[in-house]
Amino acid sequence: MERGKTKDETLSCFGLTMKITLISPRIAVQKGDFFGSGVPYWPIELAILSAFLRDRGDEISVIDLFGSSPTTLEEVDDHYLQGKPFESFTGTPSVAKAEMFILFALSYMAHREILSIARTLKGLRPDITLCVLENSYAVTAYSIPQVAEDFFQSGVYALLCGEVYWNWDEILEFLKNKNIAKIPENVLTPVLPKDYKIKRKINKNPTYPIPEWDLFNLKNYWSIPYSHGPKTKQYFPILTSRGCPYSCDFCVVPETNLRQWRGRAPEEVVKEMIILRDRFGVRHFQIEDLNPTVNGARWEEICRLLIEQKAGIFFYFVSGTKAETIQIDQIPLYAEAGCRYISISPESGSPNVVKAMGKSFDHTHGLRLIEACHKYGIYTQACFLVGHPSESPEDHRLSCEYLRAMVCSGLDEVAVFVIAPFAGSLLYKHNSIKMTPSTMLTSFSPKGREGWNELSRRRKELVRIFFTERLKRGAGIWIQGIRALLGIPRTKMENLPRRIMFIYSLVLKYYIQRLLTLK
Ligand code: SF4
């Protein structure tokens, strides 16, 4: 090693390490619809990638636009962008000194924002490699090759599709030398033919480093009065598995994960929770997996380890899981280990619609699961979708009936979304869902969807049924209301009053500031 230089500096001299800046965009909030408690916004992949690259000796900077200021709002056409504008960072060393930019395609809602950041970067640092990384762990994300031209026209050089950990050396060598004879198969660049099919890399027994959360502004994430799951004072999102074996036609995951589910080893999951607990004092973990319990025995082992190690940890299945993969007789074990919340997704009460979606759901098991969770103090959420092309009025009636039965079994909350064409889903590819031409934003429940009024009516009807049935069942719903106002939610729904007040206060602040600036 050269005298006076650290190991990292010496590696850097030989071009073996790089200064890489990772960028996560602002969050898009549809105007007049602030019920987006179903939107995960922690950029988990960037925290894991930061740890991975740091372990290799690279110098990592993170620009997290949402996390750096979730109290800043800007109006853009039919939506607001929440977070600090990228322009606030253009003069920082993270931009001026970077040798590579990786822009995270966090959510489909933020697509236009991501393109705008790409154009700004291309103008500022035209010679620096600019990549976009796909978000393969969220249903709110999208398949980036489907909109490749948008990215290439905005100055992006390479699309990194799916996880990049399994052939990073190959990707890096290509990005440094731009030798088109050696383009990795999970990377898309403008030089490839338009019909080129990328191949995402899947590792069936993956291990990941502990996310580098100290590069993110945790206090800001914790200070906002809501989260993807029931909001606790401090919490972390965690991925205990990746992918999903199912093939729902409204979902992007079958394309971004090739219908392959990969579970992390129970020991590794528990180790990550305990390390983060000891490092940050956090005891609440929101499980952000697409389908955490596909292998029921794996979660039973995680529960046993948490109990054995007296971890004092609470966990919440906030992104939904396949109800049938949880054995009813294991619910006491989940509760003892610290499980406090399970979200499941019947999507519809009609077996025909569920089948047409390409999904399966055992409606009887769903009711038994809710009953058991209710008995053992685990709060439950059911997600419904309205507006599948196959859905008839009779199918909608079956959804209403099934929701009533769920409430009778002890259901604590419902979430109802209007299906939208997310890039990468089968419904998107088949152009089965039309948006009005003026629509800027595709989100969960996009107002620009054709037939919105009828779909919105169906959505409201399901929500109304939930509340009416809950009111018939006694004081539980009132207690939920009180918890919501006090800011001690046990369900996502109880986050909502404070979330709505928070977003409206930001909107008000934004308009007042704009008015003052005009003067
Ligand atoms: S179960 Fe369906 S909606 Fe859920 S992640 Fe899998 S494919 Fe997507």
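Now for a description of the structure that goes with this document. No experiment lies behind these values; they were computed from the predicted model shown. (Residues numbered from 1 in each chain as written. Predicted model: local features only at pLDDT ≥ 70, side-chain atom pairs only at ≥ 80, totals over all residues. Heavy atoms only, no water.)

Section: the site of the ligand
Thought 1: Residues in close proximity to the ligand include V139, C244, Y246, C248, F250, C251, P254, N291 and K359, which together make up its full environment.
Thought 2: Along the lines of polarity and charge, the residues of the shell around the ligand split into seven nonpolar, one polar and one charged. (Near = heavy atom within 4 Å. Nonpolar A, V, L, I, M, F, W, Y, C, P; charged D, E, K, R; others polar.)

Quick word on a nonpolar patch on the surface
Thought 1: The grouping of I482, L486 and I488 at the surface amounts to a nonpolar patch, some 290 Å² of accessible area in total.
Thought 2: Considering the arrangement of structural elements, one finds I488 in the loop between α18 (476–486) and α19 (496–518).
Thought 3: Note on I488: relative accessible area 41%, which makes it partly exposed. (Patch = residues over 30% accessible without salt bridge, like charges linked within 9 Å, V, L, I, M, F, W, Y side chains within 5 Å. Areas by Shrake-Rupley, 256 points an atom, 1.4 Å probe, with all protein chains shown as cover. Salt bridge = Lys/Arg side-chain N within 4 Å of Asp/Glu carboxyl O. Helix = DSSP H or I, 4+ residues; strand = E, 2+ residues; numbered from the N terminus. Buried < 20%, exposed > 50% of the residue type's maximum accessible area, 1.4 Å probe, protein only.)

Let's talk about the pairing of strand β1 (residues 19–24)
Here is the key point about a regular strand: its side chains alternate between the two faces of the sheet.
Thought 1: The buried fraction of β1 is high, at five of six residues.
Thought 2: Here β1 pairs with strand β3 (residues 59–64) via six bridges, running parallel. Bridge assignment links I20 to a residue of β3, and that residue is I60.
Thought 3: Sheet topology places β1 next to strand β6 (residues 100–105); four bridges connect them, and they run parallel. Counted as the bridge partner of I20 is M100 from β6. (Pairing = 2+ DSSP bridges.)

What to know about the pattern of salt bridges
Thought 1: For the coordinates displayed, the defined rule picks out 31 salt bridges.
Thought 2: Across the pair E75 and R514 runs a salt bridge whose closest N-O atoms are separated by 3.0 Å. Remark: R514 occurs in helix α19 and E75 occurs in strand β4 (residues 73–76); sequence separation between them is 439 residues.
Thought 3: Overall, E75 belongs to the partly exposed group, its relative accessible area being 22%.
Thought 4: Close ionic contact of E149 with K194 constitutes a salt bridge, the shortest N to O distance being 3.8 Å.

A short note on the packing of helix α17 (residues 452–472) against α18
Thought 1: Axis separation between α17 and α18 bottoms out at 7 Å; the angle between their running directions is 115°. Classed by the angle they form, the pair α17 and α18 counts as roughly perpendicular. Two secondary-structure elements touch here, α17 through F466, F467, R470 and L471 and α18 through G476, I477, W478 and Q480.
Thought 2: When grouped by side-chain class, the residues that make up the contact of α17 with α18 number five nonpolar, two polar and one charged. (Axes fitted to C-alpha atoms, helices over the stretch in contact; angles between N-to-C directions. Parallel < 35°, antiparallel > 145°, perpendicular 65-115°, else oblique. Contact = heavy atoms within 4.5 Å.)

A closer look at unusual backbone geometry
Thought 1: Phi at L258 takes a positive value of approximately 55°, unusual for a residue other than glycine.
Thought 2: Here L258 lies in the loop between α9 (253–256) and β12 (262–263).

Looking at the sheet that holds strand β16 (residues 379–386)
Thought 1: Taken in spatial order, the six strands of this open sheet run β10-β13-β14-β15-β16-β17, and their pairing is parallel. The open sheet is flanked by β10 (236–238) and β17 (413–418), the only strands paired with a single partner. When strand polarity is set aside, the average angle formed by the axes of neighbouring strands in this sheet is 20°.
Thought 2: As paired elements, strand β14 (residues 314–321) and strand β15 (residues 339–347) share four bridges and run parallel to each other. Bridge assignment links Y316 to a residue of β15, and that residue is Y341.
Thought 3: Packed on one face of the sheet, helix α15 (residues 393–409) meets β15, β16 and β17 and runs near 175° to β16.

Honestly, that's just the spatial picture; any functional story needs more than this.
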